[in-house]
Amino acid sequence: MTTPGSYDASIMNVDLAKELQRLHLQVLLSWKKEARTLGWFGLNDQMSVLELGSGPGFYTEQLLNLLPNSQITALEIDPVLVKQSQQYLQNKADHRLQIIEASVMETGLPDNSFDFVIARLVLEHISNPLGAVKEVLRVLKPGGKLVIIGGDRNMMMLIDPLFPEFDLINEKAAQFQINRGGDPFLGRKLWRILQTAGFENLDLETIAYHSDDVGIEAISEQFQPEHFLHLASLGMLSAQEAENTIAAMNKFLNSENPFILILGFMACGQKPYLNIAEN
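Treat the numbers as computed from the prediction; the structure is a model and nothing was measured.

Q: Looking at this structure, how should I read the overall build of the protein?
A: When you go through the protein residue by residue, the secondary structure sums to 10 helices and 8 strands. Relative to the compact-globule value of 19 Å for 279 residues, the protein shows a C-alpha radius of gyration of 19 Å, a close match. A buried classification covers 53% of the 279 residues belonging to the protein. Contacts in the protein between residues far apart in sequence, at least 24 positions, make up 80% of those at least 6 positions apart. One finds the centroid of the 21 positive side-chain charges in the protein at a distance of 3 Å from the centroid of its 34 negative side-chain charges.

Below is the structure:
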């Protein structure tokens, strides 16, 4: 089995509990926009759905609620997160849910099995996203769709007033991701990846949530001081850079009417109905 890639929930925060809390909040903040766009792309109830990189099950929970008559398969490579999702969803799911520990590169799932596949915040953390998309093409039914949800470090956040220290954090985080085999700039490549893999009827949308809508406190919860100090312990930042960032963040949050907007991408492709040659 391949390695989890550039993201590892067990090390990316002060402790696993803190990271799970951050992931849960992240899902809740963007879910309304993502659910609306998934529907726009054609997701509907009674479909067989595969969620790639399902993590601790927070997004899976939303899918189960949105699609009460659908069969959902949640695939996750990290055994720690598989266990977390099994515990979290044990009283929230029924026979409609299957949780599988496997790689997005080699799912082990049968050909032509799913109507709809969702890969959320996962392909930017692996070294061969095209290979994963080709694997999705194999397991999708003819006419089935893949939706990739991800970001791009150069188009991820807008703030007011300006917070120059964020540029440093962004640059350091991007390099950290690259060093671990991920691609922090995948958002701009999604259309071409889908096209190269053999998908058709492509579409690409942006989604955004912001502090004027959800509240500055909800977004700033993802930028706690201890998290920056932890990033320094991982070698992403120096101790001084972490301290400077914390001071700047506090100044920003205490400014008049601070504003943060988070931007993401959602790309969709459809498996052709006719047989296509393997790439």
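Q: Explain the side chain of Glu-51 to me, please; I cannot follow it from the model alone.
A: Note on placement: Glu-51 falls in strand E1 (residues 48–52). Arg-120 provides the closest opposite charge to the buried, unpaired Glu-51, separated from it by 6.8 Å. Here the side chain of Glu-51 touches Thr-60 through a polar contact of 2.5 Å, side chain to side chain. With residues near it in sequence (within four places) discarded, Glu-51 still touches Tyr-59, Thr-60, Leu-63, Thr-73, Ala-74, Leu-75 and Ile-118.

Q: Sorry, what's going on with the environment of Phe-58 here?
A: Within the fold, Phe-58 resides in helix H2 (residues 58–66). The exposure class of Phe-58 is buried, given its relative accessible area of 8%. Linking Phe-58 and Asn-154, residues 96 residues apart in sequence, is a C-alpha distance of 27 Å. Setting aside residues no more than four positions away along its own chain, Phe-58 makes contact with Leu-20, Leu-23, His-24, Val-27 and Tyr-88.

Q: I tried to follow the packing of helix H9 (residues 225–234) against helix H10 (residues 239–253) on my own but got confused; where do I start?
A: Between two packed helices, both the angle of their axes relative to each other and the distance between the axes serve to describe the pair. Relative to each other, H9 and H10 sit at 160°, their axes nearing to 8 Å. With respect to H10, the element H9 is oriented roughly antiparallel. Note that H9 runs across H10; the crossing there is right-handed. Here H9 contributes Pro-225, Phe-228, Leu-229 and Ala-232 to the contact with H10, which in turn contributes Ala-239, Ala-242, Glu-243, Thr-245, Ile-246 and Met-249. Tallied by class, residues from the contact of H9 with H10 come to 8 nonpolar, 1 polar and 1 charged.

Q: It is not clear to me how the packing of aromatic side chains should be interpreted in this structure. Could you clarify?
A: Centre distance and the angle of the planes are the two values used to describe a pair of aromatic rings. The final tally for this structure, using the stated rule, is 3 aromatic pairs. An angle of 85° between the planes, with centres 5.2 Å apart, marks the rings of Trp-31 and Tyr-59 as edge-to-face. In this pair, Trp-31 sits in helix H1 (residues 16–41) while Tyr-59 sits in helix H2, placing the two residues 28 residues apart along the sequence. This pair shows no difference in class: Trp-31 is buried, exactly as Tyr-59 is. Between Phe-163 and Phe-252, the aromatic rings sit 6.0 Å apart at their centres with planes inclined by 15°, giving stacked as the arrangement. Here Phe-163 is found in the loop between strand E6 (157–160) and helix H5 (165–179), whereas its partner Phe-252 is found in helix H10, with 89 residues between them in sequence.

Rules behind the numbers
- Residues numbered from 1 in each chain as written.
- Predicted model: local features only at pLDDT ≥ 70, side-chain atom pairs only at ≥ 80, totals over all residues.
- Heavy atoms only, no water.
- Helix = DSSP H or I, 4+ residues; strand = E, 2+ residues; numbered from the N terminus.
- Rg over C-alpha atoms; globule rule 2.2 N^0.38 Å.
- Buried < 20%, exposed > 50% of the residue type's maximum accessible area, 1.4 Å probe, protein only.
- Contact = heavy atoms within 4.5 Å.
- Lys, Arg positive; Asp, Glu negative; His and termini not counted.
- Charge placed at Lys NZ, Arg CZ, Asp CG, Glu CD.
- Salt bridge = Lys/Arg side-chain N within 4 Å of Asp/Glu carboxyl O.
- Polar contact = N/O pair within 3.5 Å; in protein donor to acceptor, adjacent residues only side chain to side chain.
- Axes fitted to C-alpha atoms, helices over the stretch in contact; angles between N-to-C directions.
- Parallel < 35°, antiparallel > 145°, perpendicular 65-115°, else oblique.
- Left-handed = near helix turned anticlockwise from the far one by under 90°.
- Nonpolar A, V, L, I, M, F, W, Y, C, P; charged D, E, K, R; others polar.
- Phe/Tyr/Trp six-rings, centres within 6.5 Å; stacked < 30°, edge-to-face > 60°.

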